[in-house]
Amino acid sequence: MAIFPGVSLVCGVRPRSATGGRRHEWSSAATAVAGGALGCDTALIGIGLVGFGYWGPNLARNFAAQADCALLAICEKDQRRAEVARRAFPSARVTPEFGDLLDDSAIRAILIAVPVAAHFELACRALSAGKDVLVEKPITATVAEAQELIRIAEENGRILAVDHTFLYTGAVRKIKELVDAEALGKIMYVDSVRVNLGLFQSDVNVIHDLAPHDLSIMDYLVGEVPQSVQAVGRAHSQDDHESVAYLHLQFPSGLIAHFHFNWLAPVKIRRTLIGGTRKMIVYDDMEPSEKVKVYDKGVVIKHSDIDSIYRTIVDYRTGDMVAPKLLHEEALAVEARHFLDCIDRRTKPLADAAAGLRVVRILEAAEKSLRGDGRRIMMGSHD
Ligand SMILES: NC(=O)c1ccc[n+]([C@@H]2O[C@H](COP(=O)([O-])OP(=O)(O)OC[C@H]3O[C@@H](n4cnc5c(N)ncnc54)[C@H](O)[C@@H]3O)[C@@H](O)[C@H]2O)c1
């Protein structure tokens, strides 16, 4: 199913390599030489994962479940987590040494699920060792790091993807379909709330933690880069990391986007309004089934000159609401299949490193604005 220019998401069983080429020979002898832990089918793509904390197990489970893939190794430096990994994936080799994954020629791609500060170093090493890479969001801690990763990936002819998980949800794919079909008309605003209680992160503030989700969704849907970024926030814990923050973006087309992030909310809210000139969407990720509602609502403003008195007439349009049917497959399963397909066909991922960089640019500008107490940061033009 084509959902992005030049990119396709494979929703059924992934076809074998178009070249019919054999990717690996994993006889038991070859396994021993390669240091891999599993004898497997010639067409399997060998995967290594680094980081088996909170998110890593989700990647492991979804990749291990793919028919054309073998999770060969897990690198985890914490002994307790390594033991959990060993029990959950007994056929994978568990090691504290990242170098073991790099040295294993049976491993073609590495998934990186460690804290953001370590993304750059591990991704650099993996790409330089000739592995394709899927990095967790945000792709890196800084713009300079993301640019350097893109350079290294290109130099080595490697695929570099970022885990912008929400792009693979049925809800966001449906909204994208509606946007592309121009069902909403011109998008006037995006207004989003992502709040809950707790899950304080020790290494990043609430914007770095939560905004990559909304920014990646927005980037995907509107396909436009903001011209300015403003952010305000406050820290309420002992460290200096903001736990409540508001992010405001303005775009060349006139689109404005506003985001509210909060680790101190009494309830969990994941709601986005997308206002188009024709139709409007409420995307509520907390809804069990009808996550996307499309409203045929709007206003038509007419000006009339009666008795030389300038008057404004507002017509309200209140049509139907429809809740389109969504695909309910787990986003990470769709994403895993898509990444494996990109490896197989050497094609650009839906969430490639350039998408990761665009999100990090906004995060970096937001950080600058936060430090300047909400100063408007102009984004300039980027290639
Ligand atoms: N896509 C999503 O929806 C989503 C959700 C949560 C977290 N994440 C991302 O996943 C990444 C990890 O987050 P988390 O919450 O799982 O963190 P975590 O701290 O729970 O887990 C990280 C694990 O990596 C291990 N680790 C760190 N450095 C290592 C190294 N050099 N070698 C081996 N093991 C190492 C740690 O011991 C830890 O077990 C972050 O980038 C985060 O932003 C993404």
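Within each chain, residue numbers correspond to sequence positions counted from 1 in written order. Totals for whole chains, interfaces and linings use all residues, but because this is a predicted model, local features are given only for residues with pLDDT of at least 70 and pairs of side-chain atoms are given and counted only at 80 or more.

**Some remarks on the site of the ligand**
Only the C-beta atom, placed from the backbone, is used; a residue is near a molecule or strand if that atom lies within 6 Å of it. Around the ligand, the structure places 22 residues, and the nearest of them are Gly51, Gly53, Tyr54, Trp55 and Glu136. For this scheme, ten residues count as nonpolar: Ala, Val, Leu, Ile, Met, Phe, Trp, Tyr, Cys and Pro. Four count as charged, namely Asp, Glu, Lys and Arg, and the remainder, Gly too, count as polar. Tallied by class, the residues present in the shell around the ligand amount to 11 nonpolar, 4 polar and 7 charged.

**Re the environment of Pro212**
Starting at the N terminus, helices and strands are each numbered in turn, a helix being any DSSP run of H or I of at least four residues and a strand any DSSP run of E of at least two. Relative to the elements of secondary structure, Pro212 occurs in helix α8 (residues 206-222). Linking Pro212 and Phe166, residues 46 residues apart in sequence, is a C-alpha distance of 9.9 Å. Each residue gets a C-beta atom placed from its backbone, and two residues are in contact if those atoms lie within 7 Å. Aside from chain neighbours lying at most four places away, what touches Pro212 is Lys137, Pro138 and Val359.

**Here we look at the confidence of the model for the chain**
Here the chain averages 88 in pLDDT, and 84% of its residues register 70 or above. Values of pLDDT, the confidence the predictor places in each residue, fall between 0 and 100. Considering only residues more than four positions removed or in separate chains, one finds that residues 1-6, a stretch of pLDDT under 50, has 10 contacts. Note that pLDDT drops below 50 for residues 10-41; the model gives that stretch 52 contacts with residues more than four away or on any other chain.

**Notes on the sheet that holds strand β5 (residues 93-95)**
Picture the strands of a sheet paired through backbone hydrogen bonds; they go either parallel or antiparallel. DSSP bridges decide pairing: two strands pair if at least two such bridges lie between them. Read from one edge to the other, the open sheet built from 6 strands follows the order β5-β4-β3-β6-β7-β8, with strand pairing classed as parallel. The open sheet has two edge strands, β5 and β8 (160-163), and neither has a second partner. In this sheet, adjacent strand axes meet at a mean angle of 20° when their direction is disregarded. For helices, the fitted axis covers only the stretch in contact; all axes are lines through C-alpha atoms, and the angles between them, taken along N-to-C directions, range from 0 to 180 degrees.

**Topic: the environment of Glu177**
Position of Glu177 relative to the elements: it lies in helix α7 (residues 170-180). Once the C-alpha coordinates of Glu177 and Leu221 are considered, the two residues, 44 residues apart in sequence, prove to be 9.1 Å apart.

**Comments concerning the nonpolar core**
To define a nonpolar core, we join buried Ala, Val, Leu, Ile, Met, Phe, Trp, Tyr and Cys residues through C-beta atoms within 7 Å and take the resulting set. Each residue is classified by how many other C-beta atoms fall within 10 Å of its C-beta atom, where C-beta atoms are placed from the backbone; a count of 20 or more means buried, 12 or fewer means exposed, and values in between mean partly exposed. Counting 101 residues, the largest nonpolar core has Ile47, Leu49, Val50, Ile74, Ile112, Val133 and Ile207 as the members making the most contacts within it. If one sorts the elements of this core by residue count, helix α10 (residues 353-371) sits on top with 10 residues. The residues that make up this core include at least three from each of domain 1 (2-166 + 336-345) and domain 2 (168-331 + 360-378). The start and end points of each domain follow an automatic or database-based domain assignment.

**What to know about α8**
Expected helix span is given by 1.5 Å per residue-to-residue step, counting one fewer step than there are residues. Over its 17 residues, α8 runs 23 Å from end to end, which matches the ideal 24 Å to within 8%, given 1.5 Å per residue. To get the bend at a given residue, fit one axis to the seven residues ending there, fit another to the seven starting there, and take the angle between those axes. Of all bends in α8, the biggest is about 40°, found at Pro212. With 16 of 17 residues buried, α8 lies mostly within the body of the structure. Positive backbone phi, at 55°, marks Gly223, one or two positions downstream of α8.

**Considering unusual backbone geometry**
At the junction of Lys137 and Pro138, the peptide bond is cis and its omega measures out at -15° in the coordinates. One can find Pro138 in the loop between β7 (132-136) and α6 (143-156). Of note, Arg346 is a non-glycine position whose phi angle comes to about 60°, a positive value. Assignment of secondary structure puts Arg346 in the loop between α9 (331-345) and α10. In this structure Arg346 comes out as exposed when scored by C-beta crowding, with 12 C-beta atoms within 10 Å.

**Thoughts on the environment of Leu49**
As for its position among the elements, Leu49 is in strand β3 (residues 45-50). Look at Leu49 and you get buried, because 29 C-beta atoms sit within 10 Å. Residues Leu49 and Ala73, spaced 24 residues apart in sequence, show a C-alpha to C-alpha distance of 6.4 Å. With near-sequence residues (within four places) excluded, Leu49 lies in contact with Gly56, Leu59, Ala60, Leu71, Ile74, Leu111 and Ala113.

**Things to note about the pairing of strand β13 (residues 264-276)**
Bridge analysis of strand β9 (residues 187-197) against β13 gives 9 bridges, and the strand direction is antiparallel. The residue of β13 that forms the bridge with Val195 is Ile269. As judged from the 5 bridges shared by β13 and strand β14 (residues 280-284), these two strands associate in the antiparallel manner. When the bridges of β14 are listed, Gly275 appears paired with Met280. Between β13 and β14, which follow one another and run antiparallel, lie 3 residues.

**Observations regarding α9**
In an α-helix, one turn spans 3.6 residues; hence positions three or four apart end up facing the same way. For α9, spanning 15 residues, the distance from its first C-alpha to its last is 21 Å, which sits close to the expected 21 Å at 1.5 Å a residue. The element α9 is largely enclosed, with a buried count of 11 among its 15 residues. Three or more residues of α9 are buried, namely Ala331, Val334, Glu335, Ala336, Arg337, His338, Phe339, Leu340, Cys342, Ile343 and Asp344. In the core, the buried residues of α9 are packed alongside β3, α2 (56-64), β4 (69-75), β6 (109-112), β7 and β8. Backbone geometry just after α9 places Arg346 at a positive phi near 60°.

**Some points on the packing of α6 against α10**
Axis separation between α6 and α10 bottoms out at 9 Å; the angle between their running directions is 170°. Classified by the angle between their axes, α6 and α10 sit roughly antiparallel to one another. Crossing handedness for the pair α6 and α10: left-handed. Together, Val143, Ala146, Gln147, Leu149, Ile150 and Ala153 of α6 and Ala353, Ala354, Gly356, Leu357, Val360, Arg361 and Glu364 of α10 make up the contact between the two elements. For classification, angles of less than 35 degrees are called roughly parallel, those exceeding 145 degrees roughly antiparallel, those between 65 and 115 degrees roughly perpendicular, and all remaining angles oblique. Helix crossings fall into two classes, left-handed where the near helix is turned counterclockwise from the far one by less than a right angle and right-handed where it is turned clockwise.

**Considering the packing of α2 against α9**
Running from amino to carboxyl end, α2 crosses α9 at an angle of 60°, the nearest separation of the two axes being 9 Å. As summarised for this structure, α2 and α9 are arranged oblique, according to the angle between their axes. Between α2 and α9 the crossing geometry is right-handed. Here Asn58, Leu59, Asn62 and Phe63 of α2 lie close against α9, whose contacting residues are Leu332, Ala333 and Ala336. Looking at side-chain class alone, the contact of α2 with α9 contains 5 nonpolar, 2 polar and no charged residues.

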